[in-house]
Amino acid sequence: MAFILIGSPAAILIAFLTACSNYFLLELSVFDSVIVFAEILFIALAFRLRKGSVFVYDLLFWFITSALFLFLSLYVHLFQSHTQLLLLLAKSSVNGSSNALMAEVLTTYLPFIRRLKIKKRNKKIPLQQIFVHLSISGLILPFVCFMIMTGISQNHVVNLRALQLTQSTASSVQEQVSSWSKADYRALELRDMIQLGKLRAIVNNVTSGAVEVVISNPGGDVLAASSKDIAAHTSVSNLPEKINLFRYNSNLYLTLPDNRYFTELSMWSGGFYWYSIPMNEDLEYNINVRVPASHFLYEVYSIYAIEFGLIIAFILVVLLVVYWFSKLIVQILIKLTHETTGLPDKIAATFESYSAESHIVEFDKLYRNFQKMAVRLKEMFAEAIRMNKVLTEQAQQIRKSEQEFQKLAFTDALTKIPNRLYFHKKLKRLIEERSPAVTVMFMDLNKFKEINDTYGHEVGDRLLQHVAGLLTTAAGADQVCRLGGDEFVVVLPTADPMLVLQTAEQILELFKTPLRIQDLKLLPQTSIGIASYPKDSDNPDQLLRLADQAMYLAKQSGTALVWESNGQGDSEA
């Protein structure tokens, strides 16, 4: 912004002083300190050759700088990986170009900042510049917000992953030494070679990849370590002096070197996550786990490099599109200006009422077209409403059909009561929902086959319908199901013997009601088998099987009903 307001010489001086303060006072990296001065110097030289946009010249600077660093990386290894280099270039490019864009927008559109300019030039704003500012600002500002939220989220994720990895490693050591006896701990305190060997074996077993482990006492003596390097730093408390220490919780720390690096990213390559926890409540030995910060950051570097690369690519694409589009719009506006010269007089002479609408022929044509479109859209909306009404009615019919299909799927066609499928679904649901108790009453009709063979299937069907009505009257709707043939089942949400026997007696009493069909008088008889959940079984199929067995036991014994209880049938005449 200083370059735009006060000119090149003063901006170069301010940039030089800023670079020196960044390096000597703020102790920033060499790259972050020098790049500010180089950026302003390049833009000043570009303006000396040709006046133009600060934002565009800044993009050009970062393009040349990125190409130079990529070329140097082939011969000079300033970075540990190409991903780190790409991330640095992308981050710096977006940051520098965003600052240039913000400075150009503020000095162009804010009146009180425009008055601060020493040279009052470019007072009129070109339309093409407005398009560029709007499009790039609309692209960069959401990206900056997104990057801030992503940075906070990634920081939390990296710290959490570091805590999980180090904590699980320390827990593995604690679990393996927890089986030791007091004699083993005493031998460890006495520095017994065998016990120390066991401890070293445990440390070597839990150490994998980048994870390192050292076990020490409060005095700093090492009992076991996964490497010689970590053995020199037994804990966070005895790290070198030139270390920046950050604490995330009572056990997890982050250490970063206090040396001056070429870039800030390089500093993280020497950083470590430390996790410290006591090995045992009876011993004052500590388990210290160390993991390099780079172990978690390489994936983050790749994510950020891709995101920054995409925003740079989008900026370049948007610049090209906006340049072409704005040029086209400007040409159209120039043509419209020539064509509408003296248009009010022409319209006033021909159409007296037309001047109140507009002074631009093209806009009037668009207005009439929109009027026609509005009429057509009104017709289309009316048609859409009609079609929506038809579709709504069809959807209601479909839902009604689905309900009827579902009802048919769970209903016995002959007796109109729930069928076998519904029974199994209901019984399974009651057991899975942990109902306090469920009782299943299994029954069939005595001598039903003889009735069918003697009087025909029509009479048999009438008898089945009659029995279904009796059972529904006794047990209630939705409690009686027909399994097939002459087999019926009653599901009661209780196991109270009094209530169950009362229902069974009511069923037997209703079965004394005869069925009259023309000259026939049929008196149905049944045998009932009972089994309860969870007393007899907690398995739906087993529960039905036990009720079936109890029913056959009732038939064989000649009793009216049998209650299955843990394989022992309790009968009642």
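For clarity, every value in this text was computed on a predicted model and none was experimentally measured. (Residues numbered from 1 in each chain as written. Predicted model: local features only at pLDDT ≥ 70, side-chain atom pairs only at ≥ 80, totals over all residues. Heavy atoms only, no water.)

Caption draft 1: Highlighting the pairing of strand 5 (residues 272-278). Pairing of strand 4 (residues 252-257) with strand 5 involves four bridges; the strand directions are antiparallel. For Leu252, the partnering residue across the bridge sits in strand 5 and is Tyr275. As paired strands, strand 5 and strand 6 (residues 286-292) are joined by seven bridges and run antiparallel to one another. Residue Pro278 lies in a different strand from strand 6, and its bridge partner there is Asn286. (Pairing = 2+ DSSP bridges. Helix = DSSP H or I, 4+ residues; strand = E, 2+ residues; numbered from the N terminus.)

Caption draft 2: A look at the nonpolar core. Counting residues in each nonpolar core, the largest one holds 55 residues, and the members touching the most others are Leu199, Ile215, Met279, Ile287 and Phe308. Ignoring sequence-local partners within four residues, the contact set of Met279 consists of Gln174, Val177, Leu188, Leu199, Ile215, Tyr285, Asn286 and Ile287. Judged by nonpolar contacts, the second largest core, of 30 residues, contains Leu445, Leu463, Ile517 and Ile530. (Core = buried A, V, L, I, M, F, W, Y, C linked by side-chain atoms within 4.5 Å. Buried < 20%, exposed > 50% of the residue type's maximum accessible area, 1.4 Å probe, protein only. Contact = heavy atoms within 4.5 Å.)

Caption draft 3: View of the environment of Val213. Counting through the fold element by element, Val213 comes out in strand 1 (residues 212-216). A sequence separation of 12 residues divides Val213 from Ala225, and the C-alpha atoms of the two residues are 5.7 Å apart. If we ignore the near neighbours within four places in the chain, the residues touching Val213 are Thr169, Val203, Val206, Thr207, Ala224, Ala225, Ser226, Ile230, Ile287, Asn288 and Val289.

Caption draft 4: Focus on the packing of helix 8 (residues 182-189) against helix 9 (residues 193-206). Remark: helix 8 packs on helix 9, axes separated minimally by 8 Å, with the N-to-C direction vectors making an angle of 100 degrees. Considering their axes alone, helix 8 and helix 9 lie roughly perpendicular with respect to each other. Contact with helix 8, carried on its side by Asp184, Ala187 and Leu188, involves Gln195, Leu196 and Leu199 of helix 9 and no other residues of that element. Across the contact of helix 8 with helix 9, the residue classes break down as four nonpolar, one polar and one charged. (Axes fitted to C-alpha atoms, helices over the stretch in contact; angles between N-to-C directions. Parallel < 35°, antiparallel > 145°, perpendicular 65-115°, else oblique. Nonpolar A, V, L, I, M, F, W, Y, C, P; charged D, E, K, R; others polar.)

Caption draft 5: View of the pattern of salt bridges. The tally for this structure, following the rule as stated, stands at eight salt bridges. With its nearest N and O atoms 3.3 Å apart, the salt bridge here joins Glu189 to Arg186. Placement of both Glu189 and Arg186 in helix 8 is noted, with a separation of three residues, approximately one turn of the helix. Assessed through its relative accessible area of 37%, Glu189 is described here as partly exposed. Across the pair Glu432 and Lys428 runs a salt bridge whose closest N-O atoms are separated by 4.0 Å. Taken together, the residues span about one helical turn, with Glu432 and Lys428 both in helix 15 (residues 420-432) at a distance of four residues. Of the residues examined, Lys428 reaches a relative accessible area of 46% and is grouped as partly exposed. (Salt bridge = Lys/Arg side-chain N within 4 Å of Asp/Glu carboxyl O.)

Caption draft 6: Broad picture of helix 16 (residues 448-455). For helix 16, every residue scored as buried is listed here: Phe448, Ile451 and Asn452. An end-on view of helix 16 places all buried positions within 100 degrees of arc, on one side of the element. Across from the buried face of helix 16, at angles greater than 90 degrees, the exposed residues are Lys449, Asp453 and Thr454. Phi turns positive one or two residues past the end of helix 16, at Gly456, with a value near 100 degrees. (Arc of directions from axis to C-beta.)

Caption draft 7: Summary view of the sheet that holds strand 3 (residues 243-247). Read across the open sheet, the six strands follow the order 2-1-6-5-4-3; overall the sheet is antiparallel. Pairing within the sheet leaves two strands with one partner each, and these edge strands are strand 2 (222-225) and strand 3. Averaged over all adjacent pairs, the angle separating strand axes in this sheet is 25 degrees, with direction ignored. As paired strands, strand 1 and strand 6 are joined by five bridges and run antiparallel to one another. Residue pairing in the sheet places Val214 in a bridge with Asn288 of strand 6.

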